[in-house]
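Here is how the chains run, residue by residue.
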Amino acid sequence: MTAITHKRNIRIFGEGTSTGGIYNKVSIHGQGHIRGDLQCETIKIFGDFKMTGKATVDKFKMFGNSKVYDEIKGRNFKVFGNLELKKKMSGDACLVRGWLSSKDSVELDTLSVKGGLDIEGLLNVGKLTVTLGHSTSRIKEIGGETIQIKGKWLNFFGGKNRLIVESIEGNNIYLEHTTAKVVRGNNVTLGPDCEIELVEYQASYKSHKTANTQKVKRH
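Structural notes, computed from the coordinates. None of these values were measured; they are calculated from a predicted model. (Residues numbered from 1 in each chain as written. Predicted model: local features only at pLDDT ≥ 70, side-chain atom pairs only at ≥ 80, totals over all residues. Heavy atoms only, no water.)

**Notes on the overall build of the chain**
- If you tally the helices and strands in the chain, you get 0 helices and 10 strands.
- N-terminal to C-terminal, the α/β element order of the chain is β-β-β-β-β-β-β-β-β-β.
- Principal axes of the C-alpha set define a box for the chain whose edges measure 70 × 45 × 20 Å.
- Here the chain holds 219 residues, and the buried ones make up 42% of them. (Helix = DSSP H or I, 4+ residues; strand = E, 2+ residues; numbered from the N terminus. Buried < 20%, exposed > 50% of the residue type's maximum accessible area, 1.4 Å probe, protein only.)

**Some points on unusual backbone geometry**
- A positive phi angle, close to 50 degrees, is found at His-177, a residue other than glycine.
- For His-177, the location among the structural elements is in the loop between strand S7 (163-175) and strand S8 (178-190).
- According to the relative accessible area criterion, His-177 is buried, its value standing at 6%.

**Overview of the pattern of salt bridges**
- What the rule picks out here adds up to 8 salt bridges.
- A salt bridge links Asp-58 to Arg-75; its shortest N-O distance comes to 2.8 Å. Placement of the pair is Asp-58 in strand S2 (residues 55-68) and Arg-75 in strand S3 (residues 72-85), with a sequence separation of 17 residues.
- Classification of Arg-75 by relative accessible area gives partly exposed; the value is 37%.
- In this structure, Arg-184 engages Glu-169 in a salt bridge whose closest nitrogen and oxygen atoms are separated by 3.2 Å. A residue pair is termed long-range when its members are at least 10 positions apart, and Arg-184 in strand S8 and Glu-169 in strand S7 qualify at 15 residues.
- You can call Arg-184 partly exposed: its relative accessible area is 30%. (Salt bridge = Lys/Arg side-chain N within 4 Å of Asp/Glu carboxyl O.)

**A closer look at the nonpolar core**
- Core analysis: the biggest nonpolar cluster contains 55 residues, and Leu-111, Leu-123 and Leu-175 have the highest contact counts within it.
- Counting residues per element, this core draws most heavily on strand S1 (residues 8-51), at 12 residues.
- Those residues in contact with Leu-111 that sit more than four places away from it in its chain are Cys-94, Val-96, Leu-117, Leu-123, Val-125, Lys-127, Leu-128 and Thr-129. (Core = buried A, V, L, I, M, F, W, Y, C linked by side-chain atoms within 4.5 Å. Contact = heavy atoms within 4.5 Å.)

**A few points about the pairing of S7**
- Looking at chain direction, strand S6 (residues 137-150) and S7 are connected through 9 bridges and run parallel. Within the sheet, the bridge partner assigned to Ile-142 lies in S7 and is Ile-168.
- By the bridge criterion, 11 bridges tie S7 to S8 in an arrangement that is parallel. Residue pairing for S8: Glu-169 is matched across the bridge by Arg-184. (Pairing = 2+ DSSP bridges.)

**Let's talk about the environment of Asn-186**
- Here Asn-186 shows up in strand S8.
- Given the relative accessible area of 23%, Asn-186 is considered partly exposed.
- Sequence separation of Asn-186 and Val-125 is 61 residues, and the distance between their C-alpha atoms is 16 Å.
- Among residues more than four places away in sequence, those in contact with Asn-186 are Gly-170, Asn-171, Tyr-201, Gln-202, Ala-203 and Ser-204.

**Considerations on the side chain of Ser-167**
- By the secondary structure assignment, Ser-167 is in strand S7.
- A relative accessible area of 13% means that Ser-167 is categorised as buried.
- The contact partners of Ser-167, leaving out residues within four places of it in the chain, are Lys-140, Glu-141, Ile-142 and Val-182.

**Some thoughts on the packing of aromatic side chains**
- This model, assessed by the stated rule, comprises 4 aromatic pairs.
- Residues Phe-60 and Phe-77 carry aromatic rings whose centres are separated by 5.7 Å and whose planes lie at 50 degrees to one another, so their mutual orientation is tilted. Residue Phe-60 is found in strand S2, and its partner Phe-77 is found in strand S3; the two are separated by 17 residues along the sequence.
- By relative accessible area, which is 1% here, Phe-60 ends up buried.
- What makes Phe-77 buried here is its relative accessible area of 1%.
- Here Phe-63 and Phe-80 contribute two aromatic rings whose centre-to-centre distance is 4.9 Å and whose plane-to-plane angle is 10 degrees, an arrangement assigned as stacked. Here Phe-63, found in strand S2, pairs with Phe-80, found in strand S3; they are 17 residues apart in sequence, far enough to count as distant.
- Residue classification places Phe-63 among the partly exposed positions, given a relative accessible area of 32%.
- By way of ring pairs, the aromatic residues Phe-46, Phe-63 and Phe-80 are connected into one cluster. (Phe/Tyr/Trp six-rings, centres within 6.5 Å; stacked < 30°, edge-to-face > 60°.)

Now the structure itself:
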């Protein structure tokens, strides 16, 4: 006769710390700290969360502030607030309404952002859609299939927010309010207020009258 094993749950209300392990659900209401590697089906955070081990999770949803000090892998991420990553993040889909920062690389199939990004490594994403908000966003490199950066949100001083990036490579690229050294793509469209040193394209190239490019090459 085969024994049936039921996964445990973690529930923290107020302030608390738990060890890592294999769980079904992790729920934080208040301030929670997970020490050690964690594997679970879902994480839901309402408040402040800190994790010092590696994490593998199916669904990650947070409202508030979270810090992850090791690698995190997941299928679906939803961030309402501020998620700070010290190492690599990888997964299928991520929705950000707030701020996502990483000291390492981020690899996702889709990433949708209304807010800001600060990624010191490579952002490798199939489909990227960003509406810039908060302060200036910074990314070292972006690689993807479809890349769309818009700057419709105004900051507190009434000016447009901005993305600063070293290089962007993709198939279909649309940019607004972006400063970049190199943009390479099949179809490249530069919208308002872009500052690009070099554009390399294959099929099509369009540029708004307020966009500034130092050099454009077709391959």
